[in-house]
Every structure is written in C-alpha cells, then in structure tokens.
Amino acid sequence: MQESDEKLYIGPVAIVNIMGTAIDKKELELESGITYLIKEARPYLSTKLFQSLVRSGLPGLTVSRIYPQKLEENYEIDMKNLQYIWLSRSRGENNMDPVRLGPLAMRIEEFIKANSSSVIFLEGIEYLMLVNGFDVVRSFVDYIDERVVSFGATLLISVSPNAFDKREMALMERNKKVIDMPLITLTEGMDIVNILER
C-alpha cells in the first residue's frame, strides 16, 4: 500500500458563459489517492481536469460510454497516448460490456497496479446504473475507490446530479471529494456551456 500526500496542481480554470466572459476562476489542487465526484450536466470540467493531469505526465485511463472518437472531437481528449475502455455491448479490443462489472473492475485495477501514480476518468455511471442497478454500481465504485487509495492513483468520476435521487447522491458522495459544477443561468437561455483553461 502506498501512502501519498502528493498534490496535483491544476492551474486556473475559468468557467465561462456562451459569450466567452469569465464568470468564475478557481485554482484547483487535486490529491493522489483520492476519488473526485464531479457533479456536472456534461463531462466538461472532468475532461479538462483529466487532460491537465495526463499532460503533466500521469498515465491515464478513460472508461466511458462515449465513443472514443467522440471524446476526442467533443471534449478534446487526445486518445493517442491513453488507454481506454469503451462501455459498449459491441465487441472490440477496448470494449467492455457494461453488464460485466467484475471484469471491468479487474481491468481498472490492473491499470492502477501497473501505474500507481495515474489518473482514471470514469464517465457513464448513469448508464451503468440503468443496466446494473444503483447498489451494484455503488459497490463497483467503492471497490475501485479502495484501489485508488491503496495505490495512490486519482479517480475522476463525472456524474449528472439529476440522474440520482437525494439518497443515491448522498451514498455516491460518501468517502469522495465532491466538485460541484453548478449550472448558473445568466439570463434566459444563457447557461454555462464551456470550461476553458486559462
């Protein structure tokens, strides 16, 4: 087991509106050995944090319901130097059936053990919950969280808060650091639509 107090610095992150005007600017410091639950409607902030950590030299693993090419196009994740798992029922070398959480957990655990100072981006929890049920998915996340703590990795989980009831969200937040990406309505029809590093 690895003990780590290492802080991973993520520079200024600006939350901008559709006109490109900065609303908020925060300095973020992430710690290794921690699971972060990022509450957001779409995985904008989580993908920016993931990319920053990978660019800093950490090995990265993406586990997502979003097709890898779409992650590159829509969220600017450079998939060339990453390992990825696409949550899909179709067959493929990097595909995993979302119903088979045991083998998925083993693949993630193998990555963490081989790359102790690493970052894992997990997107698609809502989909996993639909096909497996909440309690099974919560147990899966807790299992991965234990490996993250034990090996000094960092886990970024993107979740849409509207997909969970109050009890479920409270259980998901347990033993995790929460980053809440609020939906700020500036005027009618003008919501936050992008996160940019500045």
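Procedures and definitions
Residues numbered from 1 in each chain as written. Predicted model: local features only at pLDDT ≥ 70, side-chain atom pairs only at ≥ 80, totals over all residues. Heavy atoms only, no water. Salt bridge = Lys/Arg side-chain N within 4 Å of Asp/Glu carboxyl O. Helix = DSSP H or I, 4+ residues; strand = E, 2+ residues; numbered from the N terminus. Pairing = 2+ DSSP bridges. Core = buried A, V, L, I, M, F, W, Y, C linked by side-chain atoms within 4.5 Å. Buried < 20%, exposed > 50% of the residue type's maximum accessible area, 1.4 Å probe, protein only. Contact = heavy atoms within 4.5 Å. Right-handed = clockwise from strand over helix to strand, strands pointing away. pLDDT = per-residue confidence, 0-100. Axes fitted to C-alpha atoms, helices over the stretch in contact; angles between N-to-C directions. Parallel < 35°, antiparallel > 145°, perpendicular 65-115°, else oblique. Nonpolar A, V, L, I, M, F, W, Y, C, P; charged D, E, K, R; others polar. Expected span 1.5 Å × (residues − 1).

**A few points about the pattern of salt bridges**
(1) Moving on: Evaluated as defined, the whole model comprises nine salt bridges.
(2) Moving on: In this structure, Lys39 engages Glu173 in a salt bridge whose closest nitrogen and oxygen atoms are separated by 2.8 Å. Within this pair, whereas Lys39 is found in strand β3 (residues 34–39), its partner Glu173 is found in helix α6 (residues 166–173), the two being separated by 134 residues in sequence.
(3) Moving on: Connected via shared salt-bridge partners are Glu109, Lys113, Glu146 and Arg147.

**Structural notes on the sheet that holds strand β9 (residues 177–180)**
(1) Moving on: As summarised here, the arrangement of the seven strands in space is β6-β5-β4-β7-β8-β3-β9, forming an open sheet in which the pairing is parallel. Strands with a single pairing partner mark the edges of an open sheet, and in this sheet they are β6 (95–96) and β9.
(2) Moving on: Bridge count for strand β4 (residues 60–64) against strand β7 (residues 119–123) is four bridges, and the pairing is parallel. In the strand pairing of β7, Gly60 is matched with Val119.

**A closer look at the nonpolar core**
(1) Moving on: One finds Leu104, Ile108, Ile125 and Phe140 to be the most contacted residues of the largest nonpolar core, which totals 31 residues.
(2) Moving on: Counting only elements with at least two residues in this core, the list comes to β4, β5 (83–87), α3 (101–114), β7, α4 (125–132), α5 (134–151), β8 (154–159) and α6.
(3) Moving on: Residue contacts for Phe140: discarding those within four places in its chain leaves Leu101, Leu104, Ala105, Ile108, Leu122 and Leu128.
(4) Moving on: Ranked by size, the runner-up nonpolar core spans 21 residues in total, among them Tyr36, Ile66, Leu82 and Phe121.

**Some details on the pairing of β8**
(1) Moving on: Most of β8 is tucked away, with six of its six residues classed as buried.
(2) Moving on: Taking every second residue as pointing to the same face, both faces of β8 are buried, with Thr154, Leu156 and Ser158 on one and Leu155, Ile157 and Val159 on the other.
(3) Moving on: Two strands pair when backbone bridges link them, and β3 and β8 are joined in this way by six bridges, in the parallel orientation. Within the sheet, the bridge partner assigned to Thr35 lies in β8 and is Leu155.
(4) Moving on: Here β7 runs beside β8; their pairing, made up of five bridges, is parallel.

**Notes on the pairing of β4**
(1) Moving on: Extensive coverage of β4 is indicated by the burial of five of its five residues.
(2) Moving on: Every second residue of β4 is oriented toward a common face, with Gly60, Thr62 and Ser64 on one face and Leu61 and Val63 on the other, all of them buried.
(3) Moving on: Chirality of the crossover, the property in question, places the unit of β4, helix α2 (residues 68–75) and β5 among those that are right-handed.

**Some points on the confidence of the model for the protein**
(1) Moving on: Taken residue by residue, the protein gives an average pLDDT of 80. The fraction at 70 or more is 77%.
(2) Moving on: Taken as a whole, residues 183–198 scores under 50 in pLDDT and shows 41 contacts with residues more than four places along the chain or in a different chain.

**Re the packing of α4 against α5**
(1) Moving on: Closest axis-to-axis distance for the α4/α5 pair is 7 Å, and the angle between their directions is 130 degrees. Relative to α5, the element α4 lies oblique. Residues Ile125, Leu128, Met129 and Asn132 of α4 form the contact with α5, whose participating residues are Phe134, Val136, Val137, Phe140 and Val141.
(2) Moving on: Its residues assigned to classes, the contact of α4 with α5 shows eight nonpolar, one polar and no charged.

**Some remarks on α5**
(1) Moving on: Taking 1.5 Å of rise per residue, 18 residues should cover 26 Å, and α5 covers 26 Å from first to last C-alpha, within 8% of that figure.
(2) Moving on: Listed in full, the buried residues belonging to α5 are Phe134, Val137, Phe140, Val141, Ile144, Asp145, Arg147, Val148 and Ser150.
(3) Moving on: Just past α5, the residue Gly152 takes up positive phi, approximately 70 degrees.

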